[in-house]
Protein chains: 2
Amino acid sequence: MNVHNLLRELQEPAKTRIVLLVADGLGGLPMEPGGKTELESARTPNLDACVREGVCGLSTPVLPGITPGSGPGHLGLFGYDPLEYRIGRGILEALGINFPVGPRDVAVRGNFCTVDESGRIIDRRAGRPPTERCVFACRKLQQIQIPGVEVFVEPVREHRFVVVFRGDQLGDAVNDTDPQQTGVRPLEAKALDNNSEKTATAVNRFVAEAARILAAEAPMNMVTLRGFSRYPKIDTMHAVYGVHPVAIAVYPMYKGLARLVGMDIADAGSSLGDQMESLQQLWDRYDFFFVHYKYTDSTGEDGNFAGKVEMIERLDAELAKVRALNPDVLIVTGDHSTPSKLRSHSWHPVPTLLWSPTCRPDPVTEFGESYCLRGGLGQFQAMYLLPLALAHAGRLGKYGA
Amino acid sequence: MNVHNLLRELQEPAKTRIVLLVADGLGGLPMEPGGKTELESARTPNLDACVREGVCGLSTPVLPGITPGSGPGHLGLFGYDPLEYRIGRGILEALGINFPVGPRDVAVRGNFCTVDESGRIIDRRAGRPPTERCVFACRKLQQIQIPGVEVFVEPVREHRFVVVFRGDQLGDAVNDTDPQQTGVRPLEAKALDNNSEKTATAVNRFVAEAARILAAEAPMNMVTLRGFSRYPKIDTMHAVYGVHPVAIAVYPMYKGLARLVGMDIADAGSSLGDQMESLQQLWDRYDFFFVHYKYTDSTGEDGNFAGKVEMIERLDAELAKVRALNPDVLIVTGDHSTPSKLRSHSWHPVPTLLWSPTCRPDPVTEFGESYCLRGGLGQFQAMYLLPLALAHAGRLGKYGA
């Protein structure tokens, strides 16, 4: 039986509140053999106090050995099987710039590139133009009109932009026009199923128009497109779990991921302090709060071990404000590991804390990867964390008599 | 989503090398309450050094409580779901004598037996004849010709032999002719689906001819057949993972299992020392090395606790040669447990070590069943070990953006 069908069947109303605090890329590695991870190195008195009262474990975002992107990592934490629900690159890019994608949309990631007189690509990133050049070029492309299809062109950064094709019967089974190499022409878009013919036609028309409009704009004189993707069919958290969720995130992509599963999006300001204020203000209006903290990931990606330690300590300092609100369930975890040593997302399991008055004690007294190994949650798939939260919040009835 | 489809999608090229060292039947039990297992009793300084730098855990070959044969045990370690891919008894017997089975073959295990004048079985094993009698009788059966089907008859040992029927449209849904009891006649072969009619006809003809040829050869005057099985449809490790694998095994069955998943088969000599030489010689030609060590299983099957301890210590002594080659990932595990106390394969989880520079430290400092309980790999299904190895070897890209 599908887990969501089960949870739908068992959901029970309760006036309880769940906080899911996601420290992006939380898990780490020691820099040297015998050393400690970032989380183990950080001084985290508030987290440790929760750990002593709560239960810990290590979550596997997707499957052992699989390194998730932000999309699958968050879907798992929201209780959606990341292998069942897939979010295409185009949709994720559109979410990332806060574009309101909807069910009639096919989104795609675009690159400005440079082609020579024969149309062959000589620079796949058009010399990495400054973002204001990207904005300017996108404005030009916004003139393009295609019968029967609405087209939106939005800048991202440097050579990157997003195109959204909106209309009926637009499939997303279209090959990338980006050949991923220089010395060749961009590829023609072809429909890979019957349902995507209209999309392929619109795409080729868009690219031809773009080439005409950009002809004199070298080095930004052509475009390539990749990752055609439709808005995924996905049930809301309210429908499946019966909660009223709100996302308190600073970065657009995480707001977009939250919107995908039907969360309301808070005005969360631009810092963790702002997010905490937002949490306090919204406390009486929602019962599920997704708080996203970015800087544990970005410092990890930069290979900045000390920076990541500091960002964990800052998060710890703000945690007292969450505790003061007296949530029924508080989860602190990450969507994946981002070890400073690897400067990238990784497959290593993620340290996870679940605090609630109904936790069974375990021997863990500090928050950290090696301590979590002895935790009562064991090693588990991330998608099961949400059912656990619902259970501790008194929101799941008994299965079977 | 199917794990293999995911791995296919994520595979990335890398110049890294993985060594999978399988100590057959590695897991054990103490002989007395309060005692140590074979592995815990063995002095294993080289394994322990790897354990301190690597990560440990306990693998479940199939499912909790399920005791695997060598086929499912190895398929799991090769990353194939042993419940999805099944290797029939006939195929396994054929692999075990190094018979080159192929996709047009149906293989079956045969027994010589003794029947009385009325055709009723009076000895199911024909008095366990010496193997040279088996060879002689098989040579007689090799005369049998069946129109449209090639037939191969090969001796195994004592009363046991293998028959392979090769042709087109040969299904394997045919009942055993072995009634598994004395006092009755061998059963007629019947097709259990339309696709196996031709096979059943060929089998009955083969059995009738065999009875005629063996009439004067009592006690080996009849045959029974069981475990009709086709060569399984199975993708190669190269196709699924992108690796170039080689098997360095002494015993034919393990070579056969490796060949099933597309490994090249090395000339591995007849001892672990020979195998190590082979490993050294092949180091530059492959990137995945399956090394099979038999004697931890055979001593366990003999109930020889001290012998199994000694075989583990011999393995440990050779491990330095593997380390000297500087693999990127080294795994030491078993395909199942074979406790000397039980003198047979068992369902107990298997101590497993994964060493690589990207391991997250865990508190395990010695290799052994009870130590592995505290390991960072936790308890896991054996089929996930290979994705983990690929991840540590830098051979898997990110899932989702």
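Keep in mind the model is a prediction, meaning the values are calculated, not measured. (Residues numbered from 1 in each chain as written. Chains lettered and ligands numbered in written order. Predicted model: local features only at pLDDT ≥ 70, side-chain atom pairs only at ≥ 80, totals over all residues. Heavy atoms only, no water.)

> Give me the environment of Leu 187 of chain B: which residues, what numbers.
Residue and element names in this part refer to chain B. Turning to its location among the elements, Leu 187 is positioned in the loop between β6 (160-166) and α7 (197-214). Judged by its relative accessible area of 44%, Leu 187 falls in the partly exposed class. Taking C-alpha positions, Leu 187 is 19 Å from Gly 171, a pair spaced 16 residues apart along the chain. (Helix = DSSP H or I, 4+ residues; strand = E, 2+ residues; numbered from the N terminus. Buried < 20%, exposed > 50% of the residue type's maximum accessible area, 1.4 Å probe, protein only.)

> Kindly report on the interface of chain A and chain B, identifying the contributing residues and their values.
Between chain A and chain B, the residue contacts involve 31 residues of the former and 29 residues of the latter. Together chain A and chain B conceal approximately 2,200 Å² of surface at their shared face, both sides included; 64% is due to carbon and sulfur atoms. Here chain A and chain B share one salt bridge between them. The closest approach of N and O atoms between Arg 86 of chain A and Glu 9 of chain B, which form a salt bridge, is 2.5 Å. For the pair chain A and chain B, the number of links is 14 residue pairs in polar contact (both at pLDDT 80 or more). Put simply, the parts of the chain that give the side of chain A that touches chain B at least two residues each are α4 (70-77) and α5 (89-96) of chain A. (Contact = heavy atoms within 4.5 Å. Buried area = accessible area lost by both parts, 1.4 Å probe. Salt bridge = Lys/Arg side-chain N within 4 Å of Asp/Glu carboxyl O. Polar contact = N/O pair within 3.5 Å; in protein donor to acceptor, adjacent residues only side chain to side chain.)

> Quick rundown of the sheet that holds strand β2 (residues 55-60) of chain B? Include the residues and the values.
All names here are of chain B. Read across the sheet, eight strands follow the order β9-β8-β10-β1-β11-β12-β2-β13 without closing on themselves; strand pairing throughout is mixed. If you trace the sheet from one side to the other, it starts and ends with β9 (264-265) and β13 (378-381), each paired once. Each of β1 (18-23), β10 (288-293) and β11 (329-333) is contacted by helix α4 (residues 70-77), which is oriented at about 155 degrees to β1, the strand it contacts most. (Pairing = 2+ DSSP bridges. Axes fitted to C-alpha atoms, helices over the stretch in contact; angles between N-to-C directions.)

> Explain the pairing of strand β10 (residues 288-293) of chain A residue by residue, including any values.
All names here are of chain A. Summarising burial for β10: six of the six residues are buried, a large majority. Neither face of β10 is open: one carries Phe 288, Phe 290 and His 292, the other Phe 289, Val 291 and Tyr 293, and all of them are buried. For strand β1 (residues 18-23) and β10, the ladder comprises six bridges, and the chain directions are parallel. Residue pairing for β10: Ala 23 is matched across the bridge by Tyr 293. Across four bridges, the pairing between strand β8 (residues 245-248) and β10 is parallel. Among the inter-strand pairings, Ala 247 is bridged to a residue of β10, identified as Phe 290.

> Outline the nonpolar core, supporting the account with residue identities and numerical values.
The biggest cluster of nonpolar side chains holds 62 residues, and the ones touching the most others in it are Tyr 80 and Met 237 of chain B. It is helix α14 (residues 385-392) of chain B that contributes the most residues to this core, six residues altogether. Residues within four places of Tyr 80 of chain B in sequence aside, it is in contact with His 4, Leu 75, Tyr 85, Ile 234, Asp 235, Thr 236, Met 237, Val 240, Tyr 241, Val 261 and Met 383 of chain B. Counting residues in each nonpolar core, the second largest holds 48 residues, with Phe 78, Ala 94, Ala 247 and Leu 257 of chain A among its members. (Core = buried A, V, L, I, M, F, W, Y, C linked by side-chain atoms within 4.5 Å.)

> Tell me about the environment of Leu 6 of chain A, and please be specific about residues and values.
Position of Leu 6 of chain A among the secondary structure elements: in helix α1 (residues 3-10). On a C-alpha basis, the gap between Leu 6 of chain A and Val 240 of chain A in space is 9.0 Å, while along the polypeptide they are 234 residues apart.

> Requested: an account of the side chain of Asp 335 of chain B, with residues and values cited.
All names here are of chain B. Note on placement: Asp 335 falls in the loop between β11 and β12 (350-355). Of the side chains with opposite charge, Lys 294 lies nearest to the buried Asp 335, which makes no salt bridge, at 7.2 Å. A distance of 3.0 Å separates the side chain of Asp 335 from the backbone nitrogen of Gly 25, its partner in a polar contact. At 3.2 Å, the side chain of Asp 335 and the side chain of His 336 are in polar contact. Leave out the neighbours within four places in its chain, and Asp 335 touches Val 22, Ala 23, Asp 24, Gly 25, Pro 61, Pro 68, Ser 70, Gly 73, His 74 and Leu 77. (Lys, Arg positive; Asp, Glu negative; His and termini not counted.)

> Break down unusual backbone geometry for me, citing the residues and quoting the values.
Residue and element names in this part refer to chain A. In this structure, Pro 219 follows Ala 218 across a cis peptide bond, with omega equal to 10 degrees. Its place among the elements puts Pro 219 in the loop between α7 (197-214) and β7 (222-230). The residue Gln 180 is not glycine, and still its phi comes out positive at about 60 degrees. With respect to the element layout, Gln 180 can be found in the loop between β6 (160-166) and α7. A positive phi angle, near 65 degrees, is found at Asn 326, a position not held by glycine. When you line up the elements, Asn 326 lands in the loop between α12 (305-324) and β11 (329-333). On the basis of relative accessibility, which here comes to 57%, the residue Asn 326 falls in the exposed class.

> Before we move on, can you summarise the relation of the copies chain A and chain B with the specific residues and values?
With an RMSD of 0.2 Å, chain A superimposes on chain B once it is rotated by 124 degrees and translated 0.2 Å along the axis. What the superposition gives is, in effect, a three-fold axis relating one chain to the other. Among all C-alpha atoms of chain A, that of Arg 374 of chain A lies closest to the rotation axis, at 4.2 Å. (Least-squares fit on C-alpha atoms with pLDDT ≥ 70 in both.)

> So, the pairing of β1 of chain A: which residues are in play, and what are the values?
All names here are of chain A. Burial within β1 is extensive, with six of its six residues counted as buried. Neither face of β1 is left uncovered, since the one carrying Ile 18, Leu 20 and Val 22 and the one carrying Val 19, Leu 21 and Ala 23 both have all their residues buried. With five bridges connecting them, β1 and β11 associate as parallel partners. Among the inter-strand pairings, Val 22 is bridged to a residue of β11, identified as Thr 333.

> Any details on the packing of aromatic side chains? Residues and values, ideally.
All names here are of chain B. In this structure the tally under the stated criterion is 18 aromatic pairs over all chains. Where Tyr 80 meets Tyr 85, the ring centres are 5.5 Å apart and the plane angle is 75 degrees; that geometry is what we call edge-to-face. Grouping residues by exposure puts Tyr 80 and Tyr 85 together as buried. Judged by centre distance (5.3 Å) and plane angle (65 degrees), the rings of Phe 99 and Phe 152 are edge-to-face. (Phe/Tyr/Trp six-rings, centres within 6.5 Å; stacked < 30°, edge-to-face > 60°.)

> Describe the confidence of the model for chain A, with residues and values.
Residues of chain A with pLDDT of at least 70 account for 100%, and the chain-wide mean is 96. With pTM at 0.91, the complex prediction returns an ipTM value of 0.90. (pLDDT = per-residue confidence, 0-100.)

> An account of the sheet that holds strand β2 (residues 55-60) of chain A is needed here, citing residue identities and associated values.
Across a sheet, paired strands are connected by hydrogen bonds in the backbone, their directions being either parallel or antiparallel. All names here are of chain A. With mixed pairing, the eight strands of this open sheet are ordered in space as β9-β8-β10-β1-β11-β12-β2-β13. Where the open sheet ends on each side, the last strands, each with one partner, are β9 (264-265) and β13 (378-381). Sheet topology note: the β8/β9 ladder contains two bridges and is parallel. Looking across to β9, one finds that Ala 247 is bridged to Ile 265. Where helix α3 (residues 45-53) meets the sheet, its contacts fall on β2, β11 and β12 (350-355), and the angle it forms with β12 comes to roughly 65 degrees.

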